[in-house]
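If you want the building blocks of each chain, they are given just below.
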Amino acid sequence: MSTMQRIKVAVEAPQHAGLENTLDYLSEQPLSPGTLVRAPLGKRELLGVVWAGAPGDWPEGELKPLSAVLSELPPLDPAWQDLVTFASAYYQRGLGELAMSVLPPELHKLDAGQLALRLRKLHKAMAQPLDAAPDTPPPPSAEQAEALAQLEATPEATPVLLHGVTGSGKTEVYLNAAARALEAGRQVLVLVPEINLTPQLEARFAARFAGRRIVSLHSGLTPAQRLRSWLAAHLGLADLVLGTRLAVFTPLPRLGLIVVDEEHDPSYKQQEGARYSARDLAVYRARLQGARVLLGSATPSLESWQRANEGRYQRLALPSRIGGALLPRVRLVDMNQQPKERGGAGLSPPLLAAIRERIARGEQSLVFLNRRGYAPVLHCADCGWKSGCPHCSAWRVFHKLDRTLRCHHCGFTERVPRACPDCGNLDIAPIGRGTERLEEQIGTLLAASDGTLPRIARIDADSTRLKGSLEAQLVAVHAGEVDVLVGTQMVTKGHDFRRITLVAAVNPDSALFSSDFRAPERLFALLMQAAGRAGRSAEP
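What to know about the overall build of the protein chain
Assigned secondary structure in the protein chain consists of 13 helices and 23 strands. In terms of overall dimensions, the protein chain is globule-like: its C-alpha atoms have a radius of gyration of 26 Å, near the 24 Å expected for 540 residues. With respect to the three principal axes, the spread of C-alpha positions in the protein chain is 95 × 65 × 45 Å. When the accessible surface of the protein chain is split by element, carbon and sulfur atoms take 53% of a total near 26300 Å².

In structure tokens:
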């Protein structure tokens, strides 16, 4: 009589193969659901997860035995499996495909011995004491205290929508809610929409919870760093996990609070491979694990606002800025009524005068243009050629610094041609403007009579590509070493720039020509977030 056990395993099978969500294998010993294994599939050996449920009735002779069992790691908890099962069914993706895509890539490469070595190193590092003393929390404002009291009175099963204007102290509410969860022995998961927001939020949490283990999870980490953070969370060694949308799948055995900062942001939606909405999954996961979920935004999404109106979410309000700071006044400048100046960069004379006034007072200005590169397209005036992408329907953007044409949709890149590819005309010119060109034009327009140039910094996906470059530029802005900051939407959300007193959005209504039916909603949210970077200091 055979002693082999039949088990169901979720593996990443080819989508075209028509295989079921899980495959049946043979094991020499009973295995708990959630156990990580290595399983043969064709000529390959893949990472798999033992899944709950009865295996099929295949003849034993047709089933393959498992290659190895990663028993050094505790099984993934049932709530994690329920979350993946729900996401797989709701978003119509293969169970194995989704389960394997949310595990750290480095984990797929390790055998049992290598994993045991990583775990020993992790336990040794986590055994080191944390000596830093936590910061003393500031007393909450009246509005924050009322919001925290309402939060405490709200049942954990009810999602909470924190609607606070920019600069109203939403992060302080997150910190207080996290402190209560940590005091109860629970873990906290904090989601942010952009990688560039993770370091500054991690610094605030680290200062407040100096004696706690805090880890980050996002695609900017090396594979080894990402695996280390994931293991610390899964083993319960990490108290707080900060990450982008993928972190919503992090196994947390003691989860007590999920915070979704800037919950309206479209970056929470995964657009490649297995697609999902991290914000919606955060709400579902909180219900699965009996945790509280706190959604925060100055411009909540229409879905969350409607659910709050229906009573499905509890809405908390922070209508005023901290310290008596005022919300910025908004002025609309009709460029059709402004004098047309060659090389004017789309900046009106009143705006240029306002920027010069801020520079003279030692204050900072932010000029926002949500289009990176030098120009959106290159054009030949003789034959009408434009720099379209041969692989998709988008235009290739002209980047002047490295003289390339890049498609921001599919990534196709090539050098700028010396002449028009169709007619040979040497005079091909850029049309429109991106942040590179805007930076160049602002430097020319704001140059002093003696030739002194203003200190201009540009923050976009191109200028922050190298490791540490974003942090260095943000430090320069906070230190007052920058007069004018030019940037894309990267700098419009979450940042606390105390010296910026003027924000200008250049040609923002171009976003309304998007094919996205949410374009007006998203443009409104983007402009509100951009305006919120100004006047955050209570000083006049």
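With respect to unusual backbone geometry
A positive phi angle is found at Glu 262, which is not glycine, with a value near 50 degrees. With respect to the helices and strands, Glu 262 occurs in the loop between strand E10 (255-261) and strand E11 (269-270). By relative accessible area, Glu 262 is classed as buried at 5%. Residues other than glycine seldom take positive phi values, yet Asn 507 does so here, at roughly 50 degrees. Summarising the element assignment, Asn 507 is placed in the loop between strand E23 (500-505) and helix H13 (519-531).

Quick notes on the sheet that holds strand E22 (residues 484-487)
Spatially, 4 strands are ordered E21-E22-E15-E23 in an open sheet, and the strand pairing comes out parallel. Only two strands of the sheet have a single partner each, and these edge strands are strand E21 (456-459) and E23. Put simply, the sheet's adjacent strands are angled 20 degrees from each other on average, direction ignored. Where strand E15 (residues 364-368) lies against E23, 5 bridges are found, and the strand directions are parallel. When the sheet's bridge partners are listed, Gln 364 is paired in E23 with Ile 500. Across the sheet, helix H10 (residues 349-361) is in contact with E15, E22 and E23; its angle to E23 comes to roughly 160 degrees.

Overview of the side chain of Thr 250
Take Thr 250: it is sitting in the loop between strand E9 (240-243) and E10. Residue class for Thr 250 comes out buried when judged on its relative accessible area of 3%.

What to know about the pattern of salt bridges
Scanning the model with the defined rule gives 25 salt bridges in all. With a shortest N-O distance of 2.8 Å, Asp 462 and Arg 372 are connected by a salt bridge. With a gap of 90 residues between them, Asp 462 in the loop between E21 and helix H12 (469-478) and Arg 372 in the loop between E15 and strand E16 (377-380) connect regions that are remote in the sequence. Residue Asp 462 is classed as buried on the basis of its relative accessible area of 14%. Three or more residues joined by partner-sharing salt bridges are found here, namely Glu 263, Arg 279, Asp 280, Glu 303, Arg 518 and Glu 521.

Let's talk about the packing of aromatic side chains
Aromatic ring pairs are described here by two measures, namely the spacing of the ring centres and the angle between the planes. As enumerated under the stated definition, the model contains 7 aromatic pairs in all. Over the ring of Trp 305 we find Arg 315; its NZ or CZ atom is 4.2 Å from the centre of that ring.

Quick notes on the nonpolar core
In this structure, Leu 36, Trp 80, Leu 103 and Phe 249 are the most contacted members of the largest nonpolar core, which totals 57 residues. For Phe 249, the contacting residues outside a window of four places in its chain are Trp 80, Leu 83, Val 84, Ala 87, Leu 98, Val 102, Tyr 276, Leu 281 and Arg 285. Ranked by size, the runner-up nonpolar core spans 27 residues in total, among them Leu 151, Val 173, Leu 240 and Leu 242.

Overview of the packing of helix H3 (residues 112-126) against helix H7 (residues 223-234)
Running from N to C, H3 and H7 cross one another at 70 degrees; their axes reach a closest spacing of 11 Å. The angle between H3 and H7 falls in the class roughly perpendicular. Our pair here, H3 against H7, has a crossing hand that is right-handed. Contact residues: H3 offers Arg 118, Leu 119, Leu 122, Ala 125 and Met 126, while H7 offers Ala 224, Leu 227, Arg 228, Leu 231 and Ala 232. Residues that form the contact of H3 with H7 fall into these classes: 8 nonpolar, no polar and 2 charged.

Some remarks on the environment of Asn 425
Checked against the element boundaries, Asn 425 lands in the loop between strand E19 (413-415) and strand E20 (428-431). Sequence-distant contacts of Asn 425, defined by excluding residues within four places in its chain, comprise Cys 380, Ala 381, Asp 382, Ala 419 and Cys 420. A distance of 3.1 Å separates a polar side-chain atom of Asn 425 from the backbone nitrogen of Asp 427.

Quick word on the sheet that holds E19
Pairing is antiparallel in the open sheet, where 3 strands are placed in the order E17-E18-E19. Sheet topology places strand E17 (396-399) and E19 at the edges, where each strand pairs with a single neighbour. Strand-to-strand, the axes of this sheet are offset by a mean angle of 25 degrees, without reference to chain direction. One ladder, built from 3 bridges, connects strand E18 (residues 404-407) with E19; its direction is antiparallel. Opposite Arg 406, over in E19, you have Thr 413 as the bridge partner.

Quick look at the state of the cysteines
Under the criterion given, the structure shown has 0 disulfides. This cysteine, Cys 383, is not joined by any disulfide, and Cys 420 carries the nearest cysteine sulfur, 3.5 Å off.

Things to note about helix H11 (residues 435-445)
Listed in full, the buried residues belonging to H11 are Thr 435, Glu 436, Arg 437, Leu 438, Gln 441, Ile 442 and Gly 443. Buried residues along H11 sit against E15, E17, E20, E21 and E22.

Quick notes on the environment of Gln 489
Looking at the element boundaries, Gln 489 is found in the loop between E22 and E23. Sequence-wise, Gln 489 and Val 475 are 14 residues apart; in three dimensions their C-alpha atoms are separated by 18 Å. In this structure, Gln 489 is in contact with Phe 368, Asn 370 and Leu 526, ignoring residues within four places of it in sequence.

A word on the packing of helix H4 (residues 142-153) against helix H5 (residues 170-183)
To characterise two packed helices, one gives the angle between the axes of the helices and the distance between these axes. Viewed as axis vectors pointing N to C, H4 and H5 meet at an angle of 40 degrees, and their least axial separation amounts to 10 Å. When the interaxial angle is binned, H4 and H5 end up oblique. Read as a crossing pair, H4 and H5 show a hand that is right-handed. Contacts between H4 and H5 pair Gln 144, Leu 148, Leu 151 and Glu 152 from the former with Glu 172, Val 173, Asn 176, Ala 177 and Arg 180 from the latter. Tallied by class, residues from the contact of H4 with H5 come to 4 nonpolar, 2 polar and 3 charged.

Cut-offs used in this document
Residues numbered from 1 in each chain as written. Predicted model: local features only at pLDDT ≥ 70, side-chain atom pairs only at ≥ 80, totals over all residues. Heavy atoms only, no water. Helix = DSSP H or I, 4+ residues; strand = E, 2+ residues; numbered from the N terminus. Rg over C-alpha atoms; globule rule 2.2 N^0.38 Å. Areas by Shrake-Rupley, 256 points an atom, 1.4 Å probe, with all protein chains shown as cover. Buried < 20%, exposed > 50% of the residue type's maximum accessible area, 1.4 Å probe, protein only. Pairing = 2+ DSSP bridges. Axes fitted to C-alpha atoms, helices over the stretch in contact; angles between N-to-C directions. Contact = heavy atoms within 4.5 Å. Salt bridge = Lys/Arg side-chain N within 4 Å of Asp/Glu carboxyl O. Phe/Tyr/Trp six-rings, centres within 6.5 Å; stacked < 30°, edge-to-face > 60°. Lys NZ or Arg CZ within 6 Å of the ring centre and 35° of its normal. Core = buried A, V, L, I, M, F, W, Y, C linked by side-chain atoms within 4.5 Å. Parallel < 35°, antiparallel > 145°, perpendicular 65-115°, else oblique. Left-handed = near helix turned anticlockwise from the far one by under 90°. Nonpolar A, V, L, I, M, F, W, Y, C, P; charged D, E, K, R; others polar. Polar contact = N/O pair within 3.5 Å; in protein donor to acceptor, adjacent residues only side chain to side chain. Disulfide = S-S within 2.5 Å.

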